[in-house]
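One letter stands for each residue in the lines below.
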Amino acid sequence: MGSPEHLVCFHCTTGRVPAEDSDSEEETVSGISWIAVDVKSNQLGSVHRCVVKSGLSGANEALKPNTNLAVSTEAEQLGDALEEFDKFIAKHLTCTGKSWCLVTDGQLPLRHYLHMEACRKKTKLSDHFYSFYDLKKEVKRAVNLGHVLDDTILRARGLPWQASDQDVSNFFKGLNILRFEKGEHRELALKRHKHHLGSRYIEVYRATAQDFLKIVRGKSA
């Protein structure tokens, strides 16, 4: 089977509510969010968010539907929210013959939160919730974490927050922390120090492999 035509990024929001059979609290899924990405055209679909009302409590009322999102709805129970997700997949992907795969930011959204709560509440999960790409794991594999060399890493400071990926690419390929294939490529990029991107000049410095790995692992450099 070839590469999927679409990626569906999936996330669970959790909150704490009183447990049904004790005086303690339990962590429960209070909402699910997803967005489809067309791999070939690199186009993002609308952000979808479904709030699970049974997972809300006074401490997390802020999780209620956000009107700033393109599609924001409510469901009484987790099973209702998952049914809404399944209908989206069927309508926009499966029924049109498009191949796709589920993508999550680490193991917790599915393995810990969704699967455990579905088991606890006897909610049946569709098959696609048992096969997914762990984005953190795939990124680590892609960048080959054990072989990042200091002389291939560069830091860019001062990038405008409104700059698009294309703007940055036109300045030089990459983002705030960049990794080059060869040390000489980084040396060429360093010559862009204090060149302008729009009305702002960009500072370009040497960085280390540890700086790069911190960004990959979701930590501040």
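Going by the structure above, here's the rest.
Residues numbered from 1 in each chain as written. Predicted model: local features only at pLDDT ≥ 70, side-chain atom pairs only at ≥ 80, totals over all residues. Heavy atoms only, no water.

Chemist: Can you walk me through helix H1 (residues 78-92) in this structure?
Modeler: An α-helical turn contains 3.6 residues, so a residue and the one three or four places further along point in the same direction. Between the first and last C-alpha of H1 there are 21 Å, a value that for 15 residues agrees with the 21 Å anticipated at 1.5 Å per step. All of the buried residues along H1 are Leu78, Ala81, Leu82, Phe85, Phe88 and Ile89. When H1 is viewed along its axis, its buried side chains cluster within an angular range of 110° and face the same direction. Exposed and facing more than 90 degrees away from the buried side of H1 are Lys87 and Lys91. Contacts made by the buried residues of H1 are with strand S1 (6-18), strand S2 (25-38), strand S4 (48-52), strand S5 (71-75), strand S6 (100-104) and helix H2 (108-120). (Helix = DSSP H or I, 4+ residues; strand = E, 2+ residues; numbered from the N terminus. Expected span 1.5 Å × (residues − 1). Buried < 20%, exposed > 50% of the residue type's maximum accessible area, 1.4 Å probe, protein only. Arc of directions from axis to C-beta. Contact = heavy atoms within 4.5 Å.)

Chemist: Looking at this structure, I do not really get unusual backbone geometry. What am I missing?
Modeler: Located in the positive-phi region is Asn42, a residue other than glycine, with phi close to 60°. According to the relative accessible area criterion, Asn42 is exposed, its value standing at 61%. Positive phi, close to 55°, is recorded for Lys122, a residue that is not glycine. With respect to the helices and strands, the residue Lys122 is situated in the loop between H2 and strand S7 (132-134).

Chemist: Can you help me understand the packing of aromatic side chains in this one?
Modeler: The geometry of an aromatic ring pair comes down to the distance between the two centres and the angle between the two planes. What the rule picks out here adds up to five aromatic pairs. Each residue in the set Phe10, Trp34, Phe85, Phe88 and Phe129 is aromatic and connected to the rest through ring pairs, giving one cluster. (Phe/Tyr/Trp six-rings, centres within 6.5 Å; stacked < 30°, edge-to-face > 60°.)

Chemist: Hey, could you run me through the environment of Thr28 in this one?
Modeler: Overall, Thr28 belongs to the buried group, its relative accessible area being 2%. Sequence separation between Thr28 and Thr13 is 15 residues, and the spatial gap between their C-alpha atoms is 8.5 Å.

Chemist: Whenever I open this one, the pairing of S1 confuses me. Can you help?
Modeler: Put simply, side chains in a regular strand alternate between the two faces of the sheet. For S1 and S2, the ladder comprises 13 bridges, and the chain directions are antiparallel. Within the sheet, the bridge partner assigned to Arg16 lies in S2 and is Glu27. (Pairing = 2+ DSSP bridges.)

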